[in-house]
Amino acid sequence: MKRFIVIGILILLFCSGCNTLKKSWKSLFGENLAESAQMLAWDGMDAYEDGNYSVAIDNFQKLKDWYPFSKYAILAELKIADSNYHLKKYEEAIFAYEEFEKLHPRNEAIPYVIYQIGRCYFDQIGTIDRDQTPARKAYETFQRLDKQFPDDKYARSGLEHISTCLKSLAGHEYYVGIFYYKSKHYKAALHRFMSVLSEYPDVGYHQMALEYIAKCEAELATEGDAEVN
């Protein structure tokens, strides 16, 4: 009974705007195929709810491939993306979410889909010494979500993650600045510390950046005096 309720709710949510295509499907392929699509949807949701995400993907992919005009096909598209997300297959998940957004731009699930794209990037944020592409992409995605759907609950959830993204980006600039400072490349270091102040204020690196700006300026002044003499 639980899976009937879950699938029913999901179909109502995710299938808006697809009624014309779906009506023709049953008349063309009949009740038996409709029942087969339904069984794949149920089996996929059972596997998904049990955490068997690979099995869920297999069922949902079959549903998509075999019954592309089924009313369950749009559910399968989304749950494939969700399953990949839970498996931490972030590239596959991002691709699936982005395809869903392209194919169903007016669907009610779009705020959730954009949020999940952001989460795929957000969950890949590492330490400040690593590539900051995930932090930057997550920040940009959550910003886009807030701009497009400012009153949506997923936009509010996305905003809660933005400070973490900015702190990671600021930390990386500070880390690179320290590297340049220790290597005695004071101009390059100064540029990085100034960037922390201008682009990432109030995320935990402001005071430390100020201290190193003073140190860099002192070192550059000493170098200038030495050149004159």
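Before reading on, note that the structure itself is shown above.
What counts, and where the lines are drawn
In every chain, residue numbers begin from 1 and rise along the written sequence. Predicted model: local features are reported for residues with pLDDT of at least 70 only, side-chain atom pairs are reported and counted for 80 or more only, and whole-chain, interface and lining totals are derived from all residues. Side-chain measures were taken over the full set of non-hydrogen atoms in the model, leaving aside hydrogen atoms and water. Under the scheme used here, helices are H or I runs from DSSP no shorter than 4 residues and strands are E runs no shorter than 2 residues, and both carry numbers assigned from the N terminus. With a 1.4 Å probe rolled over the protein chains alone, any residue whose accessible area is under 20% of its type maximum counts as buried; one over 50% counts as exposed, and the rest are partly exposed. In short, Shrake-Rupley with a 1.4 Å probe defines the accessible areas, and a residue's cover is counted only from the protein chains shown. Only Phe, Tyr and Trp rings are paired, with Trp represented by its six-membered ring, and only when their centres lie within 6.5 Å; those with planes under 30 degrees apart are stacked, over 60 edge-to-face, the remainder tilted. Take the residue count of a helix, subtract one, and multiply by 1.5 Å to get its expected span. Any two residues whose heavy atoms approach within 4.5 Å at even a single point are treated as in contact. Throughout this description, a polar contact denotes any pair of N or O atoms lying within 3.5 Å of each other; where both atoms belong to protein, one of them has to be capable of donating a hydrogen while the other can accept it, and for residues adjacent in sequence the pair is counted only when both atoms sit in side chains. Axis geometry follows a simple rule: fit a line to the C-alpha atoms, using only the stretch in contact for helices, then measure angles between N-to-C directions, giving values from 0 to 180 degrees. Angle categories: roughly parallel below 35 degrees, roughly antiparallel above 145, roughly perpendicular from 65 to 115, and oblique for all the rest. Here a crossing is taken to be left-handed if its near helix is turned anticlockwise relative to the far helix by less than a right angle, and right-handed if that turn runs clockwise. Think of it as three bins: nonpolar holds Ala, Val, Leu, Ile, Met, Phe, Trp, Tyr, Cys and Pro, charged holds Asp, Glu, Lys and Arg, and polar takes everything else, Gly as well.

**Student:** Tell me about the overall build of the protein chain, residues and numbers included.
**Tutor:** Along the protein chain, the regular secondary structure elements total 10 helices and zero strands. Residues classed as buried in the protein chain amount to 44% of the 229 residues present. In the form shown here, the protein chain has an accessible surface area of approximately 13,100 Å², with 53% of it arising from carbon and sulfur atoms.

**Student:** Describe the packing of aromatic side chains, with residues and values.
**Tutor:** Within the structure shown, the criterion is met by 14 aromatic pairs. Between the aromatic rings of Tyr 115 and Phe 142, the centroid separation amounts to 5.9 Å while the plane-to-plane angle is 40°, which identifies the pairing as tilted. With Tyr 115 in helix 6 (residues 110–122) and Phe 142 in helix 7 (residues 133–148), this pair connects stretches of sequence that are 27 residues apart. Take Phe 142: its relative accessible area is 0%, and that puts it in the buried class.

**Student:** Outline helix 7, listing residues and values.
**Tutor:** Taking 1.5 Å per residue, 16 residues should reach 22 Å; helix 7 reaches 22 Å between its end C-alpha atoms and fits that length. Where the residues of helix 7 are buried, they touch helix 6 and helix 8 (153–182).

**Student:** Please give an account of the side chain of Asn 59 that cites residues and values.
**Tutor:** Within the fold, Asn 59 resides in helix 3 (residues 53–66). Residue Asn 59 is classed as buried on the basis of its relative accessible area, which comes to 11%. From its side chain, Asn 59 meets the backbone oxygen of Val 55 in a polar contact 3.0 Å long. Setting aside residues no more than four positions away along its own chain, Asn 59 makes contact with Leu 40, Asp 43 and Gly 44.

**Student:** Would you mind going over the side chain of Ser 195 in detail, with residue names and values included?
**Tutor:** Within the secondary structure, Ser 195 is located in helix 9 (residues 186–199). Once you skip the residues sitting within four places of it in the chain, Ser 195 turns out to touch Glu 173 and Tyr 200.

**Student:** Please set out the packing of helix 3 against helix 4 (residues 73–86) residue by residue, giving values where relevant.
**Tutor:** Contact geometry for helix 3 and helix 4: axes closest at 9 Å, N-to-C directions at 155°. Considering the angle they form, helix 3 stands roughly antiparallel to helix 4. Seen from above, helix 3 lies across helix 4 with left-handed handedness. Across the interface between the two elements, Tyr 53, Ala 56, Ile 57, Phe 60, Gln 61, Leu 63 and Lys 64 from helix 3 touch Ala 73, Ala 76, Glu 77, Lys 79, Ile 80, Ser 83, Asn 84 and His 86 from helix 4. Classifying every residue of the contact of helix 3 with helix 4 gives eight nonpolar, four polar and three charged.

**Student:** I'd like a description of unusual backbone geometry, backed by residues and values.
**Tutor:** Although it is not a glycine, Lys 88 adopts a positive phi angle of roughly 65°. Structurally, the position occupied by Lys 88 is in the loop between helix 4 and helix 5 (90–103). Taking relative accessible area as the criterion, Lys 88 reaches 61% and is therefore assigned exposed. Its identity as a non-glycine residue notwithstanding, Asp 202 has a phi of 60°, on the positive side. Secondary-structure assignment places Asp 202 in the loop between helix 9 and helix 10 (206–228).

**Student:** For the environment of His 185, give the residues involved together with the corresponding values.
**Tutor:** Structurally, the position occupied by His 185 is in the loop between helix 8 and helix 9. Residues His 185 and Cys 216, spaced 31 residues apart in sequence, show a C-alpha to C-alpha distance of 9.0 Å. A polar contact is formed between the side chain of His 185 and the backbone oxygen of Ser 183, at a distance of 3.2 Å.

Everything listed is a geometric property; what it means functionally is a separate question.
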